[in-house]
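Listed here are the chains, written in short residue letters.
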Amino acid sequence: MNPWIAIGALAVMGVGIPLGMMAVSAILRPSVPEQGKSATYESGEVPTGSATGIQFNIQYYMVALLFVVFDIETVLIFPWAVIYQPALEAGVGLTTVLLPMLIFIGVLVVGLVWAWRQGAVKWASSPRAARQKTERSRQ
């Protein structure tokens, strides 16, 4: 049997199951249009102002992106750490086991240094925080 048949079947199931669940949900759910459903929800508080004119600090995005990168790094390092000792006991050379992970970590360190030098991990202070800092330094 061709191994691509199994991969194709997995792909069809991976796409088909979520699409099927969304279709069944669309058919079975009740449709109750109501004005309150389209209102902005702010933790039970009455919303004030418009959300369209707010500009969010790019630092939130940068911190989230760096978190995802280093979270994925942890996910990729864990299986290597699990097979490290059994591979050495099986007679695989230290260089063969250690070098790929050192290269991987090295690339991530280079990326972190680059992000650090670009100021991605430096939090931008707000004008209010800068005023408070200068007021404290005057005292």
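No experiment lies behind these values; they were computed from the predicted model shown.

Rules used throughout
- Residues numbered from 1 in each chain as written.
- Predicted model: local features only at pLDDT ≥ 70, side-chain atom pairs only at ≥ 80, totals over all residues.
- Heavy atoms only, no water.
- Helix = DSSP H or I, 4+ residues; strand = E, 2+ residues; numbered from the N terminus.
- Contact = heavy atoms within 4.5 Å.
- Areas by Shrake-Rupley, 256 points an atom, 1.4 Å probe, with all protein chains shown as cover.
- Axes fitted to C-alpha atoms, helices over the stretch in contact; angles between N-to-C directions.
- Parallel < 35°, antiparallel > 145°, perpendicular 65-115°, else oblique.
- Left-handed = near helix turned anticlockwise from the far one by under 90°.
- Nonpolar A, V, L, I, M, F, W, Y, C, P; charged D, E, K, R; others polar.
- pLDDT = per-residue confidence, 0-100.
- Buried < 20%, exposed > 50% of the residue type's maximum accessible area, 1.4 Å probe, protein only.
- Expected span 1.5 Å × (residues − 1).

Draft legend 1. Structural context of the overall build of the chain. The secondary structure content of the chain amounts to four helices and zero strands. Ordered by position from N to C terminus, the α and β elements of the chain give α-α-α-α. Considering only contacts within the chain whose residues lie at least 6 apart along the sequence, 66% involve residues at least 24 apart. Summed over its atoms, the accessible surface of the chain is roughly 12,300 Å², and 68% of this surface lies on carbon and sulfur atoms.

Draft legend 2. Region of interest: the packing of helix α2 (residues 58–89) against helix α3 (residues 94–118). Packing of α2 against α3 brings their axes to within 10 Å, and their N-to-C directions diverge by 165 degrees. Relative to α3, the element α2 is oriented roughly antiparallel. The hand of the α2/α3 crossing is left-handed. In contact with Leu 66, Val 69, Phe 70, Glu 73, Leu 76, Ile 77, Trp 80, Tyr 84, Ala 87 and Leu 88 of α2, α3 contributes Leu 94, Val 97, Leu 98, Met 101, Phe 104, Ile 105, Leu 108, Leu 112 and Ala 115. The residue makeup of the contact of α2 with α3, split by class, is 18 nonpolar, no polar and one charged.

Draft legend 3. The arrangement of the side chain of Glu 73 in detail. With respect to the element layout, Glu 73 can be found in helix α2. In contact with Glu 73, not counting residues within four places along its chain, are Phe 104, Ile 105 and Leu 108.

Draft legend 4. Layout of the confidence of the model for the chain. Per-residue pLDDT for the chain averages 82, and the proportion of residues at 70 or more is 83%. Looking at the elements of the chain, mean pLDDT is at its lowest for helix α4 (residues 127–138), recorded as 73, and at its highest for helix α1 (residues 3–28), recorded as 95.

Draft legend 5. Quick look at the environment of Ile 105. When you line up the elements, Ile 105 lands in helix α3. In this structure Ile 105 comes out as partly exposed when scored by relative accessible area, which is 29%. The sequence separation of Ile 105 and Glu 73 amounts to 32 residues, and the corresponding C-alpha distance is 8.2 Å. What Ile 105 contacts, discounting residues up to four positions off in sequence, is Glu 73 and Ile 77.

Draft legend 6. Just α3, in detail. Across its 25 residues, α3 extends 36 Å between first and last C-alpha, which sits within 8% of the 36 Å expected from 1.5 Å per residue. Listing the buried residues of α3 in full gives Val 97, Met 101, Leu 108 and Ala 115. Summarising the contacts, the buried residues of α3 are in contact with α2. Note on α3: the residue one or two positions beyond its end, Gly 119, has a positive phi of about 90 degrees.

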